[in-house]
Amino acid sequence: MHHKIEVENLEFTYPDGRKALHGVTLIVQPGEKVALVGPNGAGKSTLLLHLNGILRGQGTIRVAHLELAEANLGKIRAAVGLVFQNPDDQLFSPTVFDDVAFGPLHMGLPEATVRARVQSALTAVGMQEYRDRISHHLSIGEKKRIAIATVLSMEPEILVLDEPTAGLDPRARRTLINLLRQLDMTMLVSTHDMRMVAELFERTVIMEDGRIVASGATATLLADPVLLERHGLEMF
Amino acid sequence: MHIHLHDQYQQAQTLVHGLDARVKVILTVLFILTVSLTPFGAFGAYIALFALIMAVALLARIEPMYLLKRSVVALPFALAAVTLPFTVPGQTLLTLPIFGGLTVSAEGVIRFVSILIKSWLSLQMAIILVTVTAFPAILWALRALRIPPPLIAIVSLMYRYLFVLFDEAMRLLRARAARSATQAGIRSGGSLAWRGQVAGRMAGSLMLRSFERSERIYNAMLARGYQGQLLGLEHGHLTSRDVVAAAIMVALLTLILLLSRI
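Residues numbered from 1 in each chain as written. Chains lettered and ligands numbered in written order. Predicted model: local features only at pLDDT ≥ 70, side-chain atom pairs only at ≥ 80, totals over all residues.

A. Highlighting the overall build of chain A. Counting its secondary structure elements, chain A contains ten helices and ten strands. Computed over its C-alpha atoms, the radius of gyration of chain A comes to 17 Å, within 12% of the 18 Å expected for a compact globule of 236 residues. Principal axes of the C-alpha set define a box for chain A whose edges measure 50 × 45 × 35 Å. With 236 residues in all, chain A has 47% of them scored as buried. Of the contacts made within chain A by residues no fewer than 6 positions apart, 66% connect residues no fewer than 24 positions apart. (Helix = DSSP H or I, 4+ residues; strand = E, 2+ residues; numbered from the N terminus. Rg over C-alpha atoms; globule rule 2.2 N^0.38 Å. Buried ≥ 20, exposed ≤ 12 C-beta atoms within 10 Å, placed from the backbone. Contact = placed C-beta atoms within 7 Å.)

B. Highlighting the overall build of chain B. Within chain B, the regular secondary structure consists of eleven helices and two strands. Secondary structure elements in chain B, listed N-terminal to C-terminal, are α-α-α-α-α-α-β-β-α-α-α-α-α. Against the globule reference of 18 Å for 262 residues, chain B gives a C-alpha radius of gyration of 25 Å, more extended than a compact globule. Projecting the C-alpha coordinates of chain B onto the three principal axes gives extents of approximately 70 × 65 × 35 Å. Buried residues in chain B amount to 24% of all 262 residues. Sequence-distant contacts, at least 24 apart, represent 76% of the contacts inside chain B between residues at least 6 apart.

C. Local environment of the sheet that holds strand β3 (residues 33-37) of chain A. Residues and elements named next belong to chain A. The mixed open sheet is built from six strands, whose spatial order is β6-β7-β8-β3-β9-β10. Only two strands of the sheet have a single neighbouring strand rather than two, namely β6 (80-83) and β10 (211-217). Averaged over neighbouring strand pairs, the angle between their axes works out to 15° when direction is ignored. Note that strand β7 (residues 158-162) and strand β8 (residues 186-190) share five bridges and pair parallel. Across the sheet, residue I158 finds its bridge partner in β8, namely T186. Of the strands in this sheet, β6 and β7 touch helix α6 (residues 140-152), which is tilted by about 160° from β6. (Pairing = 2+ DSSP bridges. Axes fitted to C-alpha atoms, helices over the stretch in contact; angles between N-to-C directions.)

D. Looking closely at unusual backbone geometry. Residue and element names in this part refer to chain A. Phi at E155 is positive, roughly 45°, even though this residue is not glycine. Examined against the element boundaries, E155 turns out to sit in the loop between α6 and β7. Here the phi dihedral of D209 falls at roughly 50°; this positive angle occurs in a residue that is not glycine. As for its placement among the helices and strands, D209 is situated in the loop between β9 (203-208) and β10.

E. Geometry of the confidence of the model for chain B. All names here are of chain B. Scored by pLDDT, chain B has a mean of 84; 96% of the residues are at 70 or more. Here strand β1 (residues 92-96) stands out as the element of chain B with the lowest mean pLDDT, 75, in contrast to helix α2 (residues 21-37), whose mean of 93 is the highest. Note on the complex model: pTM 0.78, ipTM 0.81. (pLDDT = per-residue confidence, 0-100.)

F. View of the packing of helix α4 (residues 64-71) of chain B against helix α7 (residues 106-132) of chain B. Residue and element names in this part refer to chain B. Orientation of α4 relative to α7, taken along the N-to-C sense of each, is 120°, at an axis distance of 9 Å. Taken together, α4 and α7 sit at an angle that is classed as oblique. In this structure, the crossing between α4 and α7 has a hand that is right-handed. Counted together, L67, R70 and S71 of α4 and W120, L123, Q124 and I127 of α7 form the full contact between these two elements. Partitioning the contact of α4 with α7 into residue classes produces four nonpolar, two polar and one charged. (Parallel < 35°, antiparallel > 145°, perpendicular 65-115°, else oblique. Left-handed = near helix turned anticlockwise from the far one by under 90°. Nonpolar A, V, L, I, M, F, W, Y, C, P; charged D, E, K, R; others polar.)

G. Spotlight on the interface of chain A and chain B. Contact with chain A, which involves 30 residues of that partner, is made by 27 residues of chain B. Of all the secondary structure elements, the ones that give two or more residues to the side of chain A that touches chain B are α2 (73-79), α3 (87-90), α4 (96-106), α5 (111-124) and α6 of chain A. In the side of chain A that touches chain B, the residues fall into 14 nonpolar, eleven polar and five charged.

H. Focus on the sheet that holds strand β1 (residues 5-13) of chain A. An order of β2-β1-β4-β5 (chain A) is seen for the four strands of this open sheet, with the pairing classed as antiparallel. Here the strands that pair on one side only, and so sit at the sheet edges, are β2 (19-28) and β5 (66-67) of chain A.

I. Broad picture of the packing of α2(B) against helix α11 (residues 240-261) of chain B. Residues and elements named next belong to chain B. Two numbers describe how α2 lies on α11: the axes approach to 10 Å, and their chain directions differ by 5°. Here α2 lies roughly parallel to α11, going by the angle between them. On α11, the residues that touch V23, L27, L30, F31, T34 and L37 of α2 are D242, A245, A246, M249, V250, L253, I256 and L257. Of the residues contributing to the contact of α2 with α11, the split by class is twelve nonpolar, one polar and one charged.

J. Region of interest: the pairing of β3(A). Residue and element names in this part refer to chain A. Extensive coverage of β3 is indicated by the burial of five of its five residues. Here β3 shows a buried face lined by K33, A35 and V37 and a second buried face lined by V34 and L36. Relative to β9, β3 is paired through four bridges, and the arrangement is parallel. Counterpart to V34 in the pairing with β9 is R203.

Written as structure tokens, this is what we have:
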């Protein structure tokens, strides 16, 4: 397995001139689960959108030992499962089945494989009975889990999630955390949910103003109230 | 805070529900084609076509009243033909004492009534189609029938997001209502121009939000490998039941059409 993320000196400026990333360097080791925290507007989502080439900034990005370049985009998108914050943006197909099948179909897999993958992805998130449902009718917690299934069906080596627990009630949040714990893959998760960070991630990266300002063992960072306060974060 | 998609689809296990979606779409189009090919004033044919609709509805266990109620929406569109009684030349039925004597011709009235009935018949069959076929199945059928993919993509995304946008609009309206307070003794609500401006900005804001959402959706599609075309799995094979149902329907439609033309 080469599921490693390497970001080197990444710079990005939005078309309106706002500079969102100032030389970000980040390495996530294979199998590592890393939390990405920081205030709104710190550049977390911008960074995540670079990991499978949706946004293209200056700098080097290597994912699963592939250089991020036009020629590799297809392979990189198959290797990195990116789950967007708002499931209504992620679930765009008429039915749950169609949405989960979207990735595998576009990878050109044969029909039987697509069906098997949809089945196992929905089973992994505990939503097998929802395959013929219409996404609009689901609760936000259900939509979040289906959104994760839509990338699991692509069998990515790396899972990148943008604020997975935002807007969930405690029970849906607990279900989601348990799901993330079970998934055995490299994971980079942006979040404001510090209790989830403490519970789930060995390593935490703090971003502010488009820069990585701290990175280290979650237990160490979260035990430093001065550091947390300086970057507008708080524990419990 | 959530508008439910009131799908017209009614789940049931009937012969009509079980037919292949492609067959149902084609037969519906053929039916509408037959309706439009019958000559004006062929009332016997209209009755036969209506009987056919009722027979299909009966087989599909659709309440006739449901069908009649829903098909009333066609009436306003038929108003486009309202000038026909006055413009088609023919035997004068009566002269209205307006505009210096407006004549109503018998041919014109027959033509108008025929158009009214035809649009109403066509719509009823279309309503049956969406009542007995789940929307995703219709989309799949259209794809299988080689309708241009961009059109199908538009319909598919519209089906998914129409009500998301509706929710968004509801939130905007609610936010306005929550801040539209009145105070005793002071005239509230502002001028008409000002209120118009507020409404205009809300519409603009809804458009901007939809535009931004469309970019996020497109990103989500790209992230999962989208390359410009929505793909779908083939499902469903034609069974002998489909063939028999199609043959019966086509035979009946041809018969009605021929009889109405002699």
